[in-house]
Amino acid sequence: MSQDQVENLLSEDRTFSPTAEFAAQANIKEAEYALADADRIGFWESKAEYLKWDKRWHTVLDWQVPFSKWFVDGKLNASVNCLDRHIDEGRGDRVAFYFEGEPGDTRTITYAELLKDVKKAANALTEIGIKAGDRVAIYMPMIPEAAVAMLACARVGAAHSVVFGGFSAEALISRINDADARLVITADGGYRKGAAFALKPAVDEALSGEHNVKNVLVVKRTGQEVAWSDRDIWWHEIVDRQPEEHIAESFDSEHPLFILYTSGTTAKPKGIFHTTGGYLTQASYTHRAVFDLKPESDIYWCTADVGWITGHSYVVYGPLINGATQVMYEGTPDTPHKGRMFEIIEKYKVTILYTAPTLIRTWMKWGDEFPNKFNLKSLRLLGSVGEPINPEAWMWYREVIGGNRCPIVDTWWQTETGAIMISPLPGVTATKPGSAMRPLPGISAKVVDDSAHEVGKGHGGYLILDKPWPSMLRGVWGEPERYKETYWSKYEGIYFAGDGAKLDSDGAYWLLGRVDDVMNVSGHRISTTEVESALVSHEEVAEAAVVGANDATTGQAIVAFVILRGGIDHTKGEALISALKAHVVKEIGAIARPRQILVVNELPKTRSGKIMRRLLRDVAENRAVGDSTTLADPNVMNLIKDGLATATED
Ligand code: WT7
């Protein structure tokens, strides 16, 4: 029996090399890896040079495990790097954002206009009494003011804590209090699924108890009725009358830029905090390298909400530092129709699209007719983030969205890592469907066993980062012990990411999901990701989620929940289930044969698209379903349980 911590079961031999034309024009060439290997610190120093510093650092890295300082003693302002420098260098007329509201309203905002808005907002923050070192909670829909609010905080040196607008009042107040925020920036509401939703009532509810919030700044987005109290200030009333000048102060490279809470499913959320110089260095470098950004000609669209780290690093800081022109969309992919996002790609001639596997699989499920109705030929590069992307979804993305011409970058990283860590370089790497391929230049990631030995090609284990990187988290806000315990206690001096991974026979990295999700079937450690990928590779399956359920014989047995592709006859029942089981056996082997396959219409997901396997385990083990308050759709567990009458077992 294999000794691997996670077994290597699926194999994939398709590879896709960049075309000669793409490779020739790419920002980053093969030599970059050797350059970084030869002098990792010097490599990152050269990337920091790209930023505008008001005072140069004297030491690149001060590393007192597990606490790092990058570009020590350097001084800079994040918002100046995102905005002023473009205006100073003559790029003020370039469009920063093409905003598309869900109801169809649009705004085009140039860098000069964005800077003016940020300066006025910064002046308003100062008038309200916000100072460098304060914390500000931001609870907003996906509208330009969300980015303006973040940049205005950065400009005055207040750390922002963006709380995703889909979170509850309870989630909001726990984050407000954990960070001891003194201001909340919100909106009356936003648009989602064809209707206005409210945000302000959740803020009012959150603030009904104990806290140190002095004011609430409210952007008028929908015009709906809102309750009002003395601490509330309309954004337009205070921001619009501010002077258009604002001289930004320089802050230390290690000045906190933001806190972002990871949505822990059970434990108290962790306030991951990031600082300025190192974070901006890696966010901007990776954005140029991985997305091959050509700021004069590309139209870049990252579909993430600013409430997630992806929205911080690849909507706000990375792209703006690089002078990108972006699309920002407020709403949902199926409003008013399932082709909405493809329509936006066609309308703005988007060239670079960065999205999540959950959306890609949703598009697959809806069917090719929606993307096929629109002209997607402007696209030249596609990205994926957030979860392992199954080979089947990767191929669909490549063929149907990318017209077989666009390189795909599957980017692995975390809220904690701040920026992309493992990814192909689009002009260099021959990609394999489903693999994030290899650590970026300057990054050291390894796959190891329990004693921190590298597992070697063809084996699976734990993914670790054994050298500090510029955009690494600086800690858990207010909880240094928790920081050490969570990330640095499994291995001495080594960051453990919590993910399983395997190296294939060529040494390419395959992410296998959280190690907590690994199943143990008759002593074989099988990754949920691999069984899910095998299921999704069956032509009738659009999405799959797999869990290990207690089993008297095998310890755990594999239970799969599948969603069928749009238009497929749902009455095939037994025959289809048997076919799916046989398919998994063919793809992976008999050890991975699911004990049970349940056909469902929905899967329980968080609002960031991560499957809540804990809840599916409850169903698989016939227990009452646990806390499901962080689900995007709270009703989905009922739908799943109701549909289970058709479940089969053998
Ligand atoms: C976890 C981090 C990074 C921004 C969005 C998520 C999973 C993320 C990939 C990928 C396989 C991935 C990991 C990771 N993950 N990207 N390309 N392939 N898994 O940020 O909420 O902090 O989640 O998402 O499990 O640890 P996050």
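For clarity, every value in this text was computed on a predicted model and none was experimentally measured.

Colleague: Looking at this structure, how should I read the overall build of the protein?
Modeller: Of regular secondary structure, the protein possesses 20 helices and 31 strands. By the compact-globule yardstick of 26 Å for 650 residues, the protein fits well, its C-alpha radius of gyration being 24 Å. Principal-axis analysis of the C-alpha atoms places the extent of the protein at approximately 70 × 60 × 50 Å. The buried share of the protein, taken over its 650 residues, is 64%. If you sum the accessible surface of the protein, you get close to 23,600 Å²; carbon and sulfur atoms cover 48% of it. Distance between charge centroids for the protein: 2 Å, based on 70 positive and 88 negative side chains.

Colleague: Would you take a moment to explain the sheet that holds strand E25 (residues 509–514) for this structure?
Modeller: Backbone hydrogen bonds are what pair the strands of a sheet, in a parallel or an antiparallel way. On the basis of which strands lie adjacent, the open sheet formed by 4 strands has the order E21-E22-E24-E25 and antiparallel pairing. The open sheet is flanked by strand E21 (445–448) and E25, the only strands paired with a single partner. With direction set aside, neighbouring strand axes in the sheet form an average angle of 45 degrees. Across 4 bridges, the pairing between E21 and strand E22 (residues 460–465) is antiparallel.

Colleague: Explanation requested: the side chain of His160 in the structure shown.
Modeller: Summarising the element assignment, His160 is placed in strand E7 (residues 159–162). When its relative accessible area of 0% is taken as the criterion, His160 is described as buried. Setting aside its immediate chain neighbours within four residues, His160 contacts Val136, Ile138, Met150, Cys153, Leu257, Phe258, Ile259, His312 and Tyr317.

Colleague: I'm lost on the site of the ligand in this one. Help?
Modeller: Within the structure, the ligand sits among 16 residues, and Asp410, Thr411, Gln414, Thr415 and Arg514 are positioned closest to it. Within the backbone of Pro388, a nitrogen or oxygen atom sits 3.4 Å from a nitrogen atom of the ligand. In the environment of the ligand, an oxygen atom lies 3.2 Å from a nitrogen or oxygen atom belonging to the side chain of Lys610. Relative to its unbound accessible surface of 550 Å², the ligand loses 89% to contact with the protein. When contributions to the shell around the ligand are tallied by element, the ones reaching two or more residues are helix H11 (309–321), strand E20 (408–411) and E25. Considering only residue class, the shell around the ligand consists of 6 nonpolar, 5 polar and 5 charged.

Colleague: What is the right way to read the packing of aromatic side chains from this model?
Modeller: What characterises a pair of aromatic rings is the spacing of the ring centres plus the angle enclosed by the ring planes. Counted by the stated rule, this structure contains 33 aromatic pairs. Where Trp70 meets Phe71, the ring centres are 5.8 Å apart and the plane angle is 50 degrees; that geometry is what we call tilted. For the pair Trp70 and Phe71, one class covers both residues: buried. Ring centres of Phe258 and Tyr279 lie 5.0 Å apart, and the angle between their planes is 80 degrees; this geometry places the pair in the edge-to-face category. Here Phe258, found in strand E14 (residues 256–262), pairs with Tyr279, found in helix H10 (residues 277–290); they are 21 residues apart in sequence, far enough to count as distant. Linked through ring pairs, Trp63, Phe67, Trp469, Tyr483, Tyr487, Trp488 and Tyr495 together constitute an aromatic cluster. In this structure, Lys490 is placed above the aromatic ring of Tyr462, and the distance from its NZ or CZ to the ring centre is 4.2 Å.

Colleague: Honestly, the pairing of strand E4 (residues 95–100) in this entry has me stumped. Any pointers?
Modeller: In terms of burial, E4 is largely enclosed, as 5 of its 6 residues are buried. The sheet contact formed by E4 and strand E5 (residues 106–110) spans 5 bridges and is antiparallel. Pairing of Glu100 across the sheet is with Thr106, part of E5. Remark: 5 residues form the turn of the hairpin made by E4 and E5, two consecutive strands paired antiparallel; Gly104 in that turn has positive phi of roughly 105 degrees. In this structure, E4 lies alongside strand E17 (residues 325–329), joined through 4 bridges in parallel fashion.

Colleague: Please explain the packing of helix H2 (residues 31–38) against helix H3 (residues 40–48) as it appears in this structure.
Modeller: Any two packed helices are characterised by the angle at which their axes cross and by the distance between the axes. Direction vectors running N to C along H2 and H3 enclose 115 degrees, while the axes themselves pass 5 Å from each other. The segment H2 lies against H3, with Glu32, Ala36 and Ala38 engaging Arg40, Phe43 and Lys47.

Colleague: Looking at this structure, how should I read the sheet that holds strand E23 (residues 475–476)?
Modeller: Overall, mixed pairing links the 8 strands, which are arranged E12-E11-E8-E6-E7-E14-E15-E23 in an open sheet. Strands at the two margins of the open sheet, each flanked by one partner only, are strand E12 (232–234) and E23. On the sheet, helix H7 (residues 169–179) packs against strand E6 (135–139), strand E8 (183–187) and E14 and is oriented at approximately 140 degrees with respect to E14.

Colleague: I'm lost on the packing of helix H4 (residues 78–88) against helix H5 (residues 111–128) in this one. Help?
Modeller: The geometry of H4 relative to H5 is characterised by a closest axis approach of 9 Å and an angle of 130 degrees between their N-to-C directions. Viewed along their axes, H4 and H5 adopt a mutual orientation that is oblique. Every pair of crossing elements has a handedness; the one defined by H4 and H5 is left-handed. Together, Ser79, Cys82, Leu83, Asp84, His86 and Ile87 of H4 and Tyr111, Ala112, Leu114, Leu115, Val118 and Lys119 of H5 make up the contact between the two elements. The class makeup of the residues in the contact of H4 with H5 is 8 nonpolar, 2 polar and 2 charged.

Criteria and cut-off values
- Residues numbered from 1 in each chain as written.
- Predicted model: local features only at pLDDT ≥ 70, side-chain atom pairs only at ≥ 80, totals over all residues.
- Heavy atoms only, no water.
- Helix = DSSP H or I, 4+ residues; strand = E, 2+ residues; numbered from the N terminus.
- Rg over C-alpha atoms; globule rule 2.2 N^0.38 Å.
- Buried < 20%, exposed > 50% of the residue type's maximum accessible area, 1.4 Å probe, protein only.
- Areas by Shrake-Rupley, 256 points an atom, 1.4 Å probe, with all protein chains shown as cover.
- Lys, Arg positive; Asp, Glu negative; His and termini not counted.
- Charge placed at Lys NZ, Arg CZ, Asp CG, Glu CD.
- Pairing = 2+ DSSP bridges.
- Axes fitted to C-alpha atoms, helices over the stretch in contact; angles between N-to-C directions.
- Contact = heavy atoms within 4.5 Å.
- Near = heavy atom within 4 Å.
- Polar contact = N/O pair within 3.5 Å; in protein donor to acceptor, adjacent residues only side chain to side chain.
- Nonpolar A, V, L, I, M, F, W, Y, C, P; charged D, E, K, R; others polar.
- Phe/Tyr/Trp six-rings, centres within 6.5 Å; stacked < 30°, edge-to-face > 60°.
- Lys NZ or Arg CZ within 6 Å of the ring centre and 35° of its normal.
- Parallel < 35°, antiparallel > 145°, perpendicular 65-115°, else oblique.
- Left-handed = near helix turned anticlockwise from the far one by under 90°.

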